[in-house]
Structure formats: C-alpha cells, structure tokens
Amino acid sequence: MKTIKTSITPLLFGMALTTCLAVAFSGTARADITIGVILSVTGPAASLGQPAENSVKLWPDSIAGQKLRIIAVNDNSDPTEAARQATKLITENKVDVIVGPSITPPSIAAVETAGRNATPIIALGGGNAIIEPQEGPRKWAFKMAAPEATFVERTLEHMIKNKVKKVAAISVTTSYGEGFLKAFNAQAPTKGLTIISVEKYGAQDLGVTAQVIRTIAAKPDAVFIFSFGTPAVLPQAELLKRGYKGKIYQTQGVANADFLRVGAQSVEGTYIALAPVMVAEQLPESNPTKKIGMEYITKYEALYGPGSRSYFGTEAWTALNWLQATIPVALQKAKPGTPEFRQALRNALENMHDVVSPEGVFNMSPGNHNGIDARGQVMVEIKDGKWKYIP
C-alpha cells in the first residue's frame, strides 16, 4: 500500500495520519522508496499546485516492485517555506528524491537545499534558472518545462505569421517573468519585431491600471503577458476593460482550468504555446505524446471531471514517468535510503533517453537537465472557453 503523509490541508493530513497509524499498528515496514513532494496548494500559485496534488494521488503504490512512501507538503507559494520544507524532508524524512516545488522562485530555493544535501530534485517550476548554469547544487536539479527561449520562439513565429510588428510586454516580477522577459528581449528584435513597451506588476497586486494604460498608449499590435495561474488574468482583464483590440499572448504558466474559469470572456482569443496534453484529442496520430496523453487525461478527468486537466497536473505525472524510467536503473546500483541510491538516481535522470510523457519527449545529458525538444509545445487558442489546437 502506498503511504502518503501530507501537511497540505488539515483534511488530507488527517487522512494521511490515519493511514500512517494503520501502517504502524499493522507492523508494516517503512516503504522502500521515499519521495518528498513540495507543492504550492495555497498562495498565488494555488491553481498550479492543486492539480499537481490531484495527479500525485493517482500515482501507483510501487515502482519496479518497490513500495512508495510519499510525503507531500505545502510551501504556500513561498521560497523561504519551500527551502524549509526541503530541509525537513531531507534531514528528518530521509527522502530519496524531491518532486516540486510548483513554480520557479520556490523551486530555485529548494534546489539550493537539495543540491547541498546531494538529493535529486525534479522541479515543477518552469524557469531555466532552476537548472542553469549546471554547476553546484543545480547538478542535482532537473525540470521538465521547455526553456523560455523555446516557448518565446514558437510564440513570436505565430506573431510574425499574423503580421504583428509592434509588441508590448507585461511581466510579473518574479524569476519566472524575468526569464521570459529576457528571452523575449533577446529574440524579438532579431525577428523584425519592435518592443515598444515593457510593464511589470507583482503576483499579489490587486490592480494594474497604470501599467495597462501605458501599454495601450504605446499602440502595440500584440501584448505578451509573462505570468502564471490566476494572477495572469489581471492584466488581460484590464486590457479588455480599457478597450484594447489587439492580439494577446500568454505563457504556459496559465495552462489550467482555473485560468479559463476566472478569466472567462476576458481570455477568449488568447494565444499560447503550451504542452500538447492540453489538446491531446486534437493532435494527429503521429504525435508521440498523444497516446500517453490520452491515457493520463482519461484517468485524471474520470476522477476530477471533464475539462479539469491542467499542465501542472501533467507535470506531476511526467515526474512519475521519469521515476518509472530511472528508479529501476538506480536500483541496480544501490538500495533506497542510501546516499549511493540518491547518486544513482541522479545519474539515471541525467542519462534518460526517449522518455515519453503527456507533455513531451525527453533526452537528458550532463549539460541539459531539461531534455525536451520541439515536440513539447504546440500553439493553441482559447475559444469558447476551451483549448483549441492550431496546426
């Protein structure tokens, strides 16, 4: 039986405590492989952490014949709390690997802790600062979202195809937004696009009126918003409220049902480069992610409802796919619960080849702890409150 211990919510903690007590009184031994999961199920990134939590609940009881012990905790979307939880998971719970946190700033904080303690970490945050440069603690870190430059390139190609010439950006003031803004500033001029305005706002800000007024005054053909989850709705809703008629682009950080629900009509017509799982049914049969994507969607939406899929839930499932591919390799080298096993698992992750998940195909190397290629994103449009694939 899979044992899940969590501090995410009082209800879940009570359920987990009951499970742990049942295991203790039955005399069952401690699970062989201990996985620490750090998620943002409260705070600004809650709409990202909650779907990931849902996916973790669907994980199997074992991998390669070894029982799993999953200890899930909440970082409240806060880097300091993420580092604290990572320290506790490593020093007190002796985890073999950490999955999470959900977003970039907490992921960076947790990576520093995990790396210093020689514990592999599969971060769910999207920023390349999580794994680059590949030195020090980052040698123990892996992340699955495509690099910002890859998403930006695909998006700018769509802009050019639709005759966009002048672009404005509105970015959240976190390392996630800064990473995308850096890639955008580097690429747009080389593709003949003129950046005419850049505005910033905080993820917990309640208004962006001044930023949007300045953006509209610059008269851009398109606005590229670099943000995540429901906070990304704020600048877009304000743009529509102020009468903006141009194209609006978002990043993969909004790929969840809550963004559609909260944004409602204000996000209609938005263009996004995102993971193929969000439109798996619409993909051609030749797409290598379609089969496994549909398998995941069927399992997830059977429990959580039609249309409940989220890229961030998919990330937690991709983490499982990675562990299913690498734990058998590590088990050939050492036993779980040992420094040798953690090292072997890190090495196995670094040498993954052709591992397919609902969000892409991964090929790692010592210099690339992301490993995804162009098959890891497609262009979509939000139409009638749904994700529509753009061939």
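Residues numbered from 1 in each chain as written. Predicted model: local features only at pLDDT ≥ 70, side-chain atom pairs only at ≥ 80, totals over all residues. Heavy atoms only, no water.

Caption draft 1: Summary view of the environment of L320. Mapped onto the secondary structure, L320 falls in helix 11 (residues 311-331). Sequence-distant contacts of L320, that is, excluding residues within four places in its chain, are made with W59, P60 and I63. (Helix = DSSP H or I, 4+ residues; strand = E, 2+ residues; numbered from the N terminus. Contact = heavy atoms within 4.5 Å.)

Caption draft 2: Examining the nonpolar core more closely. Of all hydrophobic cores here, the largest spans 100 residues; its most connected members are W59, F184 and W322. A per-element tally of this core places helix 11 first, with 10 residues. By size, the runner-up hydrophobic cluster in this structure holds 17 residues, among which are A86, L89, V95 and I121. (Core = buried A, V, L, I, M, F, W, Y, C linked by side-chain atoms within 4.5 Å. Buried < 20%, exposed > 50% of the residue type's maximum accessible area, 1.4 Å probe, protein only.)

Caption draft 3: Spotlight on helix 4 (residues 104-116). With 13 residues, helix 4 should reach 18 Å at 1.5 Å per residue; the first-to-last C-alpha distance of 18 Å fits that figure. Within helix 4, 10 of the 13 residues are buried, which leaves it mostly tucked inside the rest of the structure. Residues T104, P106, S107, I108, A109, A110, V111, T113, A114 and G115 constitute the buried set of helix 4. Residues of helix 4 that are buried sit in contact with helix 3 (79-91), strand 5 (97-99), strand 6 (121-123), strand 7 (141-143) and helix 6 (175-187). The first or second residue beyond helix 4 is A118, which carries a positive phi of 50°. (Expected span 1.5 Å × (residues − 1).)

Caption draft 4: Inspection of helix 8 (residues 233-241) at higher detail. Within helix 8 the residues assigned to the buried category are V233, P235, Q236, E238 and L239. Those residues of helix 8 that are buried lie in contact with strand 8 (166-172), strand 9 (194-201), helix 7 (209-217), strand 10 (222-226), strand 11 (247-250) and helix 9 (257-263). Immediately downstream of helix 8, the backbone of G243 shows phi near 90°, a positive value.

Caption draft 5: Focus on the side chain of S266. Within the element layout of this structure, S266 appears in the loop between helix 9 and strand 12 (271-274). From its side chain, S266 meets the backbone oxygen of G263 in a polar contact 2.5 Å long. (Polar contact = N/O pair within 3.5 Å; in protein donor to acceptor, adjacent residues only side chain to side chain.)

Caption draft 6: Quick peek at the pairing of strand 2 (residues 33-39). Along strand 2, seven of the seven residues are buried, which leaves the element largely enclosed by surrounding structure. Of the two faces of strand 2, the one holding I33, I35, V37 and L39 and the one holding T34, G36 and I38 are both buried throughout. Bridge analysis of strand 2 against strand 5 gives three bridges, and the strand direction is parallel. Across the sheet, the residue bridging to I35 is V97, located in strand 5. (Pairing = 2+ DSSP bridges.)

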